[in-house]
Amino acid sequence: MLLQKIVSEFRQLRRFLKEKEVMLLARLGELDRAVLRKQEEEEAKVEGDISLLSILICEMEEKLKRPTRGFLQVGFLRVGFLRVGYSIGPSPFLSNLLQSWGRLNHFFPSLSIPGCQKHAGQVSFVTLDPNTATAGLVLSRDRRGVRWMDMGHNVSPCPQRFDVSCCVLGCRGFTSGRHFWDVEVMGGGMWALGVARSSVPRKGWLTFHPDYGIWAVGCCRNRFRAFTSPPTTLPMSGNPNRIRVVLDYGGGRVAFYLTAQKNPIFAFQNASFCGESIFPFFWVGRESHLHLCFME
């Protein structure tokens, strides 16, 4: 009888320890994932800061090659550039650096970003908003690249997120002025890029057309086309390597350029923005990868 009692208690203790082991292993797994997420956030923050600093360094090097008078007249930064959005926020070091350049802009209000006069607008440092990305898309850590994946991944519920169409918007919208950014197209799949109204539907399948708040070009069924109604096939074979998107908010115009070409491959005229914020727009299909480029 005593032996049976000892065996029973031993089994209970063993069962208790096993349950405790399972709980501790689960907790350890959660801690590992939390540490990994924190590490990825920190790495993304550093890489994002490096991306922005790389642009500023290149601009400074270019300006130092010019006469002093030209440097002061043209400058290298304007207040609008300080408002560029990071989904994770810049580091204190970068914030202090930008604040210092903001004070410089106060004394030299005519300062502007170099290269802005190419298309009579402001070069925009665009990052992608992860809160809008469909679950089937993967963003790079610096939030400047996006690719399609075969299997969706867990994402937090968010009213801004596209639930079906594989789309993502830029972090920053525009309500005035002229802006442009370059996008590198990689892979041979389907894709589209351009701009969209802030009110573009987030639920269900999207219709790529200005009447639905999207002005875009892209590749569909092995044809390069502008998404008008009906779609306009553009005289190109294969995917272009790099496209410049030029938004003229006040002029109601969205134009698309190929590298080293002066004339646009296509332009939407008389665009009706209805006073809304207009965001960079990206749609990524199978085997496609879009990446925002540093401006030359």
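Scope of this entry: the structure provided in the associated data block. (Residues numbered from 1 in each chain as written. Predicted model: local features only at pLDDT ≥ 70, side-chain atom pairs only at ≥ 80, totals over all residues. Heavy atoms only, no water.)

1. Here's the deal with the overall build of the protein chain
Then, number 1: Regarding its fold elements, the protein chain presents four helices and 14 strands.
Then, number 2: Looking at the protein chain residue by residue over its 296 residues, the buried ones come to 44%.
Then, number 3: Look at the contacts in the protein chain between residues 6 or more apart in sequence, and 70% of them connect residues 24 or more apart.
Then, number 4: Surface exposure of the protein chain reaches about 16800 Å², of which carbon and sulfur atoms provide 56%. (Helix = DSSP H or I, 4+ residues; strand = E, 2+ residues; numbered from the N terminus. Buried < 20%, exposed > 50% of the residue type's maximum accessible area, 1.4 Å probe, protein only. Contact = heavy atoms within 4.5 Å. Areas by Shrake-Rupley, 256 points an atom, 1.4 Å probe, with all protein chains shown as cover.)

2. Re the environment of N270
Then, number 1: On the secondary structure map, N270 appears in the loop between strand 12 (266–268) and strand 13 (278–284).
Then, number 2: Relative accessible area serves as the criterion here: at 73%, N270 is assigned to the exposed category.
Then, number 3: In this structure, the C-alpha to C-alpha distance between N270 and G252, residues 18 residues apart in sequence, is 4.9 Å.

3. So, the sheet that holds strand 4 (residues 167–169)
Each strand in a sheet pairs with its neighbour through backbone hydrogen bonds, running either in the same direction (parallel) or in the opposite one (antiparallel).
Then, number 1: Ordered by their spatial adjacency, six strands build an open sheet running 4-13-6-7-8-9, and the pairing between neighbours is antiparallel. Edge positions in the sheet fall to strand 4 and strand 9 (232–233), since each of these pairs with one other strand and no more.
Then, number 2: Examined bridge by bridge, strand 7 (residues 214–220) and strand 8 (residues 223–226) share four bridges and lie antiparallel to one another. In the sheet register, V217 faces strand 8, and the bridge partner there is A226. (Pairing = 2+ DSSP bridges.)

4. Thoughts on the nonpolar core
Then, number 1: Within the largest apolar cluster, 53 residues are counted, with the highest numbers of intra-cluster contacts made by W181, L193, F208, V254, F256, F281 and F282.
Then, number 2: Ranked by residue count, the leading element in this core is strand 13, at six residues.
Then, number 3: Apart from residues no more than four positions distant in its own chain, V254 is found in contact with V195, W215, V245, V246, L247, F266, A267, F268 and F273.
Then, number 4: Among the nonpolar cores identified, the runner-up in size contains five residues, and V123, F180, V246 and Y257 belong to it. (Core = buried A, V, L, I, M, F, W, Y, C linked by side-chain atoms within 4.5 Å.)

5. Observations concerning the pairing of strand 7
Then, number 1: Of all seven residues making up strand 7, seven are buried, and the element is well covered by its neighbours.
Then, number 2: Side-chain alternation along strand 7 places I214, A216, G218 and C220 on one buried face and W215, V217 and C219 on a second face that is also buried.
Then, number 3: Here strand 7 folds back onto strand 8 in antiparallel fashion, the turn holding two residues, of which R221 has a positive phi close to 55°.

6. Here we look at the pattern of salt bridges
Then, number 1: Taken as a whole and judged by the stated rule, the model has four salt bridges.
Then, number 2: Between D248 and R178 there is a salt bridge; the shortest N-O distance is 3.3 Å. Taken together, the positions of D248 in strand 10 (residues 242–248) and R178 in strand 5 (residues 178–186) put the pair 70 residues apart, joining distant regions of the chain.
Then, number 3: Owing to a relative accessible area of 42%, R178 belongs among the partly exposed residues under this scheme. (Salt bridge = Lys/Arg side-chain N within 4 Å of Asp/Glu carboxyl O.)

Any functional reading would require information that these geometric values do not contain.
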